[in-house]
Amino acid sequence: MMNSVSNSLSIQEARKLILHSQRVLTSEKSGRAIHATLGVIEHLGYIQIDTISVIQRAHHHTLWNRNPRYKNIHLDDLQQQGKIFEYWSHAAACLPMADYRFYQPHKNEIARGRKLWYECDPKVKQQVLRRITAEGPLQAKDFERKERGRLAMWEWKPAKYALEQLFMEGRLMVARRQGFQKVYDLACRVLPHGVNTTMPSTEQWYRFLIERYLRAHGLGQAAEIAYLRPGRKPVVQHQLNLMQEEGRLVRVRVADEFFYAIPAMLEWISKPVPRAKLKLLSPFDNFVIQRRRLSRLFDFDYQIECYVPEARRKYGYFCLPIIWNAALSARMDCKADRKSSTFIIKNLVLEPRLENLDGFTHALEKELRRFMVFNDCRELVIGRVSDQYVRQSLGKRFK
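## Brief notes about the overall build of the protein chain
1) Next: Broken down by element type, the protein chain carries 14 helices and 13 strands.
2) Next: Taking 2.2 N^0.38 as the reference for a compact globule, 399 residues should give roughly 21 Å; the C-alpha atoms of the protein chain span a radius of gyration of 23 Å, in line with that estimate.
3) Next: With the C-alpha coordinates aligned to their principal axes, the bounding extent of the protein chain is approximately 65 × 60 × 45 Å.
4) Next: Across the 399 residues that make up the protein chain, the buried fraction comes to 54%.
5) Next: Contacts spanning at least 24 positions in sequence make up 66% of the contacts within the protein chain whose residues lie at least 6 apart.
6) Next: Summed over its atoms, the accessible surface of the protein chain is roughly 19,700 Å², and 50% of this surface lies on carbon and sulfur atoms.

This is the structure:
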């Protein structure tokens, strides 16, 4: 338990609080499965959407890890029911509709001229808006590109820039996805009746960021809460100080750093963590997305290498962090070959500190079998493994 005199946590206590807050080793097994999925999204605050599909996409993977009854159709159903919406968190994300109003300030900034990473033609923007207003929901492919020549893989046609600009301004929303492609419509036609759209005050917005982060992550610093929000850190720190003075937050020391926490959540430290459970995490999982934090608090140096030239990769294209025994214990580069229904372990690397290889291998086998089903695979191919005992033991288990 926390030392009330020094307000300090051991690194083990900090990890327990974070793991409980992230719900990565626990899952809701009562009620309807889709309600459990919504509960995960509402608790974490966002689920990052990603296009990489060497295994099940990140948004499905992150939810499945916290809801064993998760089905990919849940996100579509929740979006159609008006329970979630798509917008930008630190990246493209599925967000709880209950939080809709707190994304209004970001939309307004963009509508007032804040620059994005692309340029949008104002004339095309108006043309796109007129067509959707008149015709209803449309995809980017519904707008013909007049220029000749083939687009590079990273280029968008002018109408796509316009659609995204209108989406970021909040004038359009994603009504649904069709073959993973966005279908855009006017926000007024997508928003369910009764959603709170009032603009939060500056203080309300910052406190929302703080409370949402701490609820999902257990511990946090201003830099982490302001992650990928340039210029926000000083104001976040000011609000953290005020909330501490008000008794809404407590400041705690972990090793040689200070963090903030919600006082009631410190009770979770007394709850045991399911150490026997193993999880294969998405590189975009909420638990691992802030790499510096992961290194400091879990002693795990991690980088996704799909954006690194092949010759410079250390572990592999799409390496999954592996949590076991309440620690990040290994990483696995893998691929689901759906044509042959084969799951391929390309490279499994154990952390040097990992002991109890039999316990780890048993837990890995159990989770791999579940993960293979989740990825529509029946057969397993084992490539490189940093420990030969684990490789041989795993091979025998899957004969």
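## Some thoughts on helix 9 (residues 202-217)
Side chains that are three or four residues apart share a direction in an α-helix, a result of its 3.6 residues per turn.
1) Next: Helix length check: helix 9 (16 residues) gives 23 Å between terminal C-alpha atoms against 22 Å at 1.5 Å per residue, within 8%.
2) Next: If you check which residues of helix 9 are buried, you get Trp-205, Tyr-206, Arg-207, Phe-208, Leu-209, Ile-210, Arg-212, Tyr-213, Leu-214, Ala-216 and His-217.
3) Next: Positive phi shows up at Gly-218, right after helix 9, with a value of about 80°.

## Overview of the sheet that holds strand 9 (residues 279-280)
Through backbone hydrogen bonds, the strands of a sheet pair up, either in parallel or in antiparallel fashion.
1) Next: With mixed pairing, the five strands of this open sheet are ordered in space as 9-10-11-12-13. The sheet is open, and its two edges are formed by strand 9 and strand 13 (379-385), each paired on a single side.
2) Next: The pairing of strand 11 (residues 327-337) with strand 12 (residues 342-350) spans eight bridges and is antiparallel. By the bridge assignment, Arg-331 is partnered in strand 12 with Val-349.

## Observations concerning helix 2 (residues 33-44)
1) Next: With 12 residues, helix 2 extends 17 Å between its outermost C-alpha atoms, agreeing within 8% with the 16 Å of an ideal straight helix rising 1.5 Å per residue.
2) Next: Of all 12 residues making up helix 2, nine are buried, and the element is well covered by its neighbours.
3) Next: Here helix 2 has its buried residues at Ala-33, Ile-34, Ala-36, Thr-37, Leu-38, Val-40, Ile-41, His-43 and Leu-44.
4) Next: Backbone geometry just after helix 2 places Gly-45 at a positive phi near 95°.

## Some details on the pairing of strand 4 (residues 92-96)
1) Next: Within strand 4, four of the five residues are buried, which leaves the element mostly enclosed by the surrounding structure.
2) Next: Relative to strand 4, strand 2 (residues 47-48) runs antiparallel, the two sharing two bridges. What sits directly across from Gln-48, in strand 4, is Ala-93.
3) Next: Between the end of strand 3 (residues 84-88) and the start of strand 4, which pair antiparallel, lie three residues.

## Some words on the side chain of His-74
1) Next: One can find His-74 in helix 4 (residues 73-80).
2) Next: A relative accessible area of 6% means that His-74 is categorised as buried.
3) Next: Separated by 2.8 Å, the side chains of His-74 and Thr-37 make a polar contact.
4) Next: Beyond its immediate stretch of four places on either side in the chain, His-74 contacts Ala-33, Ile-34, Thr-37, Asn-67 and Arg-69.

Rules and cut-offs
Residues numbered from 1 in each chain as written. Predicted model: local features only at pLDDT ≥ 70, side-chain atom pairs only at ≥ 80, totals over all residues. Heavy atoms only, no water. Helix = DSSP H or I, 4+ residues; strand = E, 2+ residues; numbered from the N terminus. Rg over C-alpha atoms; globule rule 2.2 N^0.38 Å. Buried < 20%, exposed > 50% of the residue type's maximum accessible area, 1.4 Å probe, protein only. Contact = heavy atoms within 4.5 Å. Areas by Shrake-Rupley, 256 points an atom, 1.4 Å probe, with all protein chains shown as cover. Expected span 1.5 Å × (residues − 1). Pairing = 2+ DSSP bridges. Polar contact = N/O pair within 3.5 Å; in protein donor to acceptor, adjacent residues only side chain to side chain.

Everything listed is a geometric property; what it means functionally is a separate question.
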